[in-house]
Amino acid sequence: MTASDSQPLIGVVALQGAAAEHVAAFRRAGARSVEIRVSADLDGVDAVALPGGESTTMSHLLGTSGLFEPLAERLAGGMPAFGTCAGMILLASEVLDGRPDQRCFGAIDISVRRNAFGRQVASFEAPLDTEGFDEPFEAVFIRAPWVERTGSSVEVLATVSPRSTLQDASATCAHDPDGLEQHHPVPVLCRSGSILVSSFHPELTADDRIHQIFLDMVGASVAR
Ligand code: GLN
């Protein structure tokens, strides 16, 4: 498929973090995609992606760039959004272990815990059985958050068992030093309406199936 004007335009918030990788993934998947830095860049955009990076820094830069309010307005108006890792934290309705001054958009009714897999496990890969996929998705997690609560509108598309990600048996989760909660699978890919969020980084792999899920959501929303 080649991108043409009939394809939706996906804006990737590019204040910090892995924005270029999202633009490339959307283009590979057949969409048009541009980076967004100021509020005028939102004009003409059908949907947005918020990349991984550092949610506290991104929250700060969204404020200083003047992008936070116009983006919040578009999200409240139903614009589809895809948040990965720090981007998931920004789209959530509640952030656990966040900084007191960090802001989020409340676009999806989930509580996420930052850096939830523990400091010892800075990054790992896990094959995810994902709703709708015949083959698992090889997911890359980097100082990732997990979802601790989902509202009734939220669909869980993939989970991970934190215990299976701990290479070092003595490693413990940052907020759960006794390890009592580690065996519960936690949601890492969720959808609600036209919002999609992942704890991991699909833009860092060559597998564009998760970007494709989002483009299908955008297509359905544009057709309405
Ligand atoms: N730990 C980061 C945060 O809290 C997220 C990490 C990432 O996006 N890779 O924002």
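Up top you'll find the structure we're talking about.
Residues numbered from 1 in each chain as written. Predicted model: local features only at pLDDT ≥ 70, side-chain atom pairs only at ≥ 80, totals over all residues. Heavy atoms only, no water.

Q: Describe the site of the ligand, naming the residues involved and giving the relevant values.
A: Contacts to the ligand come from Gly52, Gly53, Glu54, Ser55, Cys85, Ala86, Ile89, Arg114, Asn115, Ile142, Arg143 and His201. A distance of 2.6 Å separates a nitrogen atom of the ligand from a polar atom in the side chain of Asn115. The separation between a nitrogen atom of the ligand and a polar main-chain atom of Arg143 is 3.0 Å. Residues that form the shell around the ligand fall into these classes: four nonpolar, five polar and three charged. (Near = heavy atom within 4 Å. Polar contact = N/O pair within 3.5 Å; in protein donor to acceptor, adjacent residues only side chain to side chain. Nonpolar A, V, L, I, M, F, W, Y, C, P; charged D, E, K, R; others polar.)

Q: Tell me what's going on with the pattern of salt bridges, and back it up with residues and numbers.
A: A complete count under the given rule lists ten salt bridges for this structure. For Arg28, the salt bridge goes to Asp208, with nearest N and O atoms at 2.8 Å. In this pair, Arg28 sits in helix 1 (residues 19-28) while Asp208 sits in the loop between strand 12 (195-198) and helix 6 (209-223), placing the two residues 180 residues apart along the sequence. A relative accessible area of 46% means that Arg28 is categorised as partly exposed. Looking at Asp208, the relative accessible area reads 16%, which means it is buried. Residues joined by salt bridges that share partners form a network here, namely Asp97, Arg113 and Glu148. (Salt bridge = Lys/Arg side-chain N within 4 Å of Asp/Glu carboxyl O. Helix = DSSP H or I, 4+ residues; strand = E, 2+ residues; numbered from the N terminus. Buried < 20%, exposed > 50% of the residue type's maximum accessible area, 1.4 Å probe, protein only.)

Q: Residues and numbers for the side chain of Thr205, please.
A: Among the structural elements, Thr205 can be located in the loop between strand 12 and helix 6. Not counting residues up to four positions away in its chain, the partners in contact with Thr205 are Arg28, Phe137, Glu138 and Val140. (Contact = heavy atoms within 4.5 Å.)

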